Amino acid sequence: VDKVVSDTDLKARDALIYLQKHNFDETFLSKLLSVGTLGIKKNRKLVPTRWSITAADDTLGKNLIDEIKHYSESGHNLFFGSYLGNYYLILLFPDVWGYELFETYLPNVSWNVTKEIQYTTDYEPYKGRKYYAENCAGGYYTVRLAVSEYLKRIKRQASVLAIRVITGEYAAPLGVWVTREATRKAMNNKPLDFSSKELMLEYARKLINQKFGCSIDKILKESLLLKELSQQKKLVNFI
């Protein structure tokens, strides 16, 4: 830490990646960013905590994604887990990197007083995204980081569809660390393996319906990632 703080010619991104490789977690790294101790000397400044948290999650996630893009593709894998009333359904498809997050709010709870399921969503293709994920905000980057950590661990890449289900158990907002840890818990569970995309999606529909009494058909229909998987032709199609 003293090495990167003292080096006023070292960019903040490189400092974060260096410290990550030496087993400092994102919570510690965001604190260093927040108090203006990383980066080129003239660019160092105090920043709000919520900005430094997202900056750390985004930077570390992008570095992992650059690495996993060199790995072979995963299988059809489904993960499910929860933490503090936040449930995550993570679907991995055997394709090049892509990522989409839906944050859904169950009906008739404090977060959603309507009688229908509500959601926000953000998406990035293989090349990534140029702009901040306005809809899902910091939670978008925490989930992406947790999933990319898993993919690096198994040395695979995948197209990732993540669905967050927010229940009435989650009575007050506690910060994006909750979404990061909830996703990590889901990714640490044993995955279910499927032989096809169709079988995995059908299981996902039944799982959400049985557990929460809601349908995710609208979400799956609106998914940009699923449309890309279904419509984008690959070179192998012409061989």
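What comes next concerns the included structure. (Residues numbered from 1 in each chain as written. Predicted model: local features only at pLDDT ≥ 70, side-chain atom pairs only at ≥ 80, totals over all residues. Heavy atoms only, no water.)

## Things to note about the overall build of the protein
Convention followed: Only runs of H or I of at least four residues qualify as helices and only runs of E of at least two qualify as strands under DSSP, and these elements are numbered from the N terminus. Here's how the labels work: a residue is buried when its accessible area is under 20% of the maximum for its type, exposed when over 50%, partly exposed in between, all with a 1.4 Å probe on protein chains only. Note on definitions: a residue-residue contact is assigned when non-hydrogen atoms from the two residues lie within 4.5 Å. Note on areas: Shrake-Rupley with a 1.4 Å probe; residue coverage comes only from the protein chains shown.
Each helix and strand counted, the protein has nine helices and six strands in total. Within the span of the protein, comprising 239 residues, buried residues form 47% of the whole. Within the protein, contacts between residues separated by at least 24 positions form 69% of all contacts whose residues are at least 6 apart in sequence. Of the roughly 12900 Å² that the protein leaves accessible, carbon and sulfur atoms contribute 53%.

## With respect to the sheet that holds strand β1 (residues 76-83)
Within a sheet, neighbouring strands are paired by backbone hydrogen bonds and run either parallel or antiparallel to one another. Condition: By definition, two strands form a pair when at least two bridges between them are found by DSSP. Angles run from 0 to 180 degrees between N-to-C directions of axes, and those axes are lines fitted to C-alpha atoms, restricted for helices to the stretch in contact.
Taking strand neighbours across the sheet as the criterion, the six strands line up as β4-β3-β5-β2-β1-β6 in an open arrangement whose pairing is mixed. Each edge of the open sheet is held by one strand with a lone partner, namely β4 (118-124) and β6 (192-194). Looking at each pair of strands side by side, their axes are set apart by 15 degrees on average, direction ignored. Bridging between β1 and β6 involves three bridges; their strand directions are antiparallel. Residue pairing across strands places His-76 opposite Phe-194, the latter belonging to β6. Running at roughly 130 degrees to β1, helix α6 (residues 177-188) makes contact with β1, β2 (86-93) and β5 (159-166) of the sheet.

## A short note on the pattern of salt bridges
The cut-off we apply is this: When a carboxyl oxygen of Asp or Glu lies within 4 Å of a side-chain nitrogen of Lys or Arg, that pair is called a salt bridge.
Under the definition given, this model contains 14 salt bridges. Ionic pairing is found between Asp-14 and Arg-13, a salt bridge with its closest N-O pair at 3.4 Å. Asp-14 sits in the partly exposed class, given a relative accessible area of 35%. For Arg-13, a relative accessible area of 41% corresponds to the partly exposed category. Notably, a salt bridge pairs Glu-103 with Arg-164, separated by 3.0 Å at the nearest N-O pair.

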